[in-house]
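Below, each chain spelled out in residue letters.
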Amino acid sequence: MAMTAYFLVKSEPETYGYDDLERDGATVWDGVRNFTARGHLNEMQVGDQVLFYHSGEGKAVVAIAAVSRAAFPDASDETGRFVAVELKPVRRLKSPVGLADMKANPALADLKMIRQGRLSVSPVTAGEWAAILKMAGE
């Protein structure tokens, strides 16, 4: 059995926030047009855990989602080069974890989301995952 992997996805809450994911029960995470992020989508397996980060307004990790369908062709991509995954909601964090707090935490110094801020999908190590959950009061 494969080990659970951890990821972080970013979305502007006014475009598609965690409230929308809870309402919908699942969503296709598509529209990613960065080759590095595409690679991360391709790595995602069913059951992998995903931090849901609100960019734009809020700038905080607010919830946990899970991969419910591994990478498949992104129907919104006419070139056929990009993929999508399906995510389902798991739960809100007890407290959102803001970007400034994450940047100030030495345990998150190498967090890809901070080091490569334009990435909308990035991996998270088990240690980073634990640090963020601890910051959320989990």
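In the block above lies the structure referred to throughout.
The model shown is predicted, which means the values in this text are computed figures rather than measured ones. (Residues numbered from 1 in each chain as written. Predicted model: local features only at pLDDT ≥ 70, side-chain atom pairs only at ≥ 80, totals over all residues. Heavy atoms only, no water.)

Asker: For the nonpolar core, give the residues involved together with the corresponding values.
Answerer: Val 9, Trp 29, Leu 41, Met 44, Val 50, Phe 52 and Val 121 are the most contacted members of the largest nonpolar core, which totals 22 residues. Of all the secondary-structure elements, those providing two or more residues to this core are strand E1 (6-11), helix H2 (18-24), helix H3 (35-43), strand E3 (49-54), strand E4 (60-73) and strand E5 (83-98). At 5 residues, E4 tops the list of elements feeding residues into this core. Apart from the residues lying within four places of it in its own chain, the contact partners of Val 50 are Phe 7, Leu 8, Val 9, Met 44, Ala 63, Ile 64, Ala 65, Val 67, Leu 87 and Trp 129. Core analysis: the next-biggest nonpolar cluster, separate from the first, contains 18 residues, Leu 51, Ile 64, Leu 99 and Met 102 among them. (Core = buried A, V, L, I, M, F, W, Y, C linked by side-chain atoms within 4.5 Å. Buried < 20%, exposed > 50% of the residue type's maximum accessible area, 1.4 Å probe, protein only. Helix = DSSP H or I, 4+ residues; strand = E, 2+ residues; numbered from the N terminus. Contact = heavy atoms within 4.5 Å.)

Asker: Quick one: what's the story with unusual backbone geometry, residue by residue and with numbers?
Answerer: Despite not being glycine, Lys 59 has its phi angle at roughly 45°, a positive value. Residue Lys 59 is classed as partly exposed on the basis of its relative accessible area, which comes to 41%.

Asker: Which residues make up the pairing of E5, and what values do they have?
Answerer: Here strand E2 (residues 27-29) runs beside E5; their pairing, made up of 3 bridges, is antiparallel. Bridge pairing links Val 28 to Glu 86 in E5. Inspection of the sheet shows E4 paired to E5 by 10 bridges, in the antiparallel sense. Following the sheet pairing, Ala 66 is matched in E5 by Lys 88. (Pairing = 2+ DSSP bridges.)

Asker: Explain the layout of surface pockets residue by residue, including any values.
Answerer: Its boundaries defined by the atoms lining it, the largest pocket holds a volume of some 260 Å³. In this structure, the largest pocket is lined by 13 residues; those nearest its centre are Lys 10, Ser 11, Glu 12, Trp 29 and Asp 30. Looking at the lining of the largest pocket, the elements with two or more residues in it are E1, helix H1 (13-16) and E2. By residue number, the principal contributor to the lining of the largest pocket is E2, which donates 3 residues. Residues that form the lining of the largest pocket fall into these classes: 4 nonpolar, 6 polar and 3 charged. (1 Å grid on protein atoms, 1.4 Å probe; cavity = no way out; pocket = protein on both sides within 12 Å on 5 of 7 lines; lining within 4 Å. Points joined across faces, edges and corners; volume = space filled by probe spheres on them. Nonpolar A, V, L, I, M, F, W, Y, C, P; charged D, E, K, R; others polar.)

Asker: Please set out the sheet that holds strand E6 (residues 121-124) residue by residue, giving values where relevant.
Answerer: By definition, the strands of a sheet pair up through backbone hydrogen bonds, in either a parallel or an antiparallel sense. One open sheet accounts for 6 strands, arranged E2-E5-E4-E3-E1-E6; its pairing is mixed. Looking at strand neighbours, the two that pair on one side only are E2 and E6, the edges of this open sheet. Ignoring which end each strand starts from, the neighbouring axes of this sheet average 40° apart. Pairing of E1 with E6, which is carried by 4 bridges, proceeds in the antiparallel orientation. Bridged to Tyr 6 within E6 is Val 124. Seen against the sheet, H3 touches E1, E2, E4, E5 and E6 and runs at an angle of roughly 55° to E6. (Axes fitted to C-alpha atoms, helices over the stretch in contact; angles between N-to-C directions.)

Remember, this is a structural readout, not a statement about activity or role.
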